[in-house]
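# Structural overview for review
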Amino acid sequence: MSNLSQKNRLLLAFAVGAFGILIGVLVSNYFVKGRGTRLTQEVRTPALESLATLSFYPEETEVNVGEEFSVDIKLDAEGMILSGLAVRVIYEYEEDLPLEPQDVKMRVNPDLAGMDWVFPVNTIEVDTRTKRVVGEIAAVNLNPGGHPTEGSVTIATIDFKATSSSSQDMVFTFDPEQTKLLTKDGQEVNIELKERSYSVD
């Protein structure tokens with residue numbers, strides 16, 4: 001019985017090990033396949049020559065300590081039919097945090113919800129170690145026909161409160177590697193990314 005039990009234990013260990021390897025291979029293949037598919041799509045669907053613009057509003061502004069302050073993320077993609085977007089916003093600071101986000105999420109434009117847009121990613125993080133504020137938002141349009149754009153539209157708004165004066169302006173930028181715009185045909189759109197500077201006195 002002891003030999004049989006030992007044999008069963010070995011067989012069980014082998015089976016568990018083989019199952020673990022199988023799961024690891026499947027997961028690995030999944031991610032490799034996902035990356036490969038993404039690369040293939042990028043090759044087959046080059047960025048459109050048409051140019052969209054992402055910018056911040058308001059333009060250069062001075063804020064006093066204690067005041068509340070909001071920054072809009074605006075998209076201008078006139079005449080395009082869009083299916084998705086991803087935006088990463090960054091601003092860096094020195095010493096104390098001058099503009100403190102008032103929430104862990106952006107305020108999404110409520111009008112977009114009625115146009116079949118959903119926002120599965122929506123975060124704002126303050127990294128006190130690297131002294132960076134990072135906001136990320138990603139959206140998908142559920143309408144198979146996509147979303148036709150007209151003029152400039154506010155995607156989302158970040159609410160801040162000025163908490164500390166700063167000797168340097170806060171420069172808001174878009175991360176070009178993590179900021180994307182797709183048409184309903186899956187083509188990536190060239191985007192002009194405009195930065196903005198704000199100061200806290």
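In this numbering scheme, every chain counts its residues from 1 along its sequence in written order. Reporting in this predicted model follows two pLDDT cut-offs: at least 70 for local features of residues, and 80 or more for side-chain atom pairs to be given and counted; totals over whole chains, interfaces and linings ignore these cut-offs and use all residues. In computing side-chain values, all of the structure's heavy atoms are included and hydrogens and water are not.

### Some thoughts on the overall build of the protein
Put simply, DSSP H or I for four residues or longer makes a helix, DSSP E for two residues or longer makes a strand, and each gets a number counted from the N terminus. For the protein, the helix and strand inventory stands at 2 helices and 14 strands. The classification of residues rests on relative accessible area computed with a 1.4 Å probe and restricted to protein chains. Under 20% of the type maximum is buried, over 50% is exposed, and intermediate values are partly exposed. The buried share of the protein, taken over its 201 residues, is 32%. Contacts between residues were defined by any pair of non-hydrogen atoms, one from each residue, lying within 4.5 Å. In the protein, once contacts between residues fewer than 6 apart in sequence are set aside, the share between residues at least 24 apart is 78%. Only the protein chains shown count as covering a residue, and every accessible area follows the Shrake-Rupley method with a 1.4 Å probe. Summed over all atoms, the accessible surface of the protein reaches about 12,600 Å², with 52% contributed by carbon and sulfur.

### Let's talk about the packing of aromatic side chains
Note on ring pairs: Phe, Tyr and Trp rings are taken, using the six-membered ring of Trp, and paired if centres are within 6.5 Å. Classes follow the plane angle, with under 30 degrees stacked, over 60 edge-to-face and the rest tilted. Inspection of every chain in the model, using the stated rule, returns 8 aromatic pairs. Both rings, one in F56 and one in F174, keep their centres 4.2 Å apart while their planes meet at 5°; by these two values the pair is stacked. Here F56 is found in strand β1 (residues 48–57), whereas its partner F174 is found in strand β11 (residues 170–174), with 118 residues between them in sequence. Taking the relative accessible area as the measure of exposure, F56 reaches 1% and is therefore buried. For F174, a relative accessible area of 6% corresponds to the buried category. When the centroid spacing of 6.1 Å and the interplanar angle of 70° are considered together, the rings of Y91 and F160 count as edge-to-face. One end of the pair, Y91, is in strand β4 (residues 81–92); the other, F160, is in strand β10 (residues 152–162), with 69 residues separating them in the sequence. The exposure classification of Y91 matches that of F160, with both residues buried. Members of the aromatic cluster, each reached through a chain of ring pairs, are F56, F69, Y91, Y93, F160, F172, F174 and Y198. Only when the NZ of Lys or the CZ of Arg is both within 6 Å of the ring centre and within 35 degrees of the ring normal is a charge said to sit over the ring. Residue placement shows K74 over the ring face of Y57; its charged tip is 6.0 Å from the ring centre.

### Looking at the environment of M106
Tracing the chain through its elements places M106 in the loop between β5 (99–101) and β6 (107–108). Accessibility expressed as a relative area gives 5% for M106, which makes it buried. In contact with M106, not counting residues within four places along its chain, are I73, N122, T123, I124, G135, E136, I137, A156, T157 and I158.

### Quick word on the pairing of strand β12 (residues 180–183)
Residues L181 and T183 point to one face of β12 and are all buried, whereas K180 and L182, pointing to the other face, are not buried. Looking at chain direction, β4 and β12 are connected through 4 bridges and run antiparallel. Paired with L82 across the strands is T183, a residue of β12. Here, any two strands with at least 2 DSSP bridges between them count as paired.

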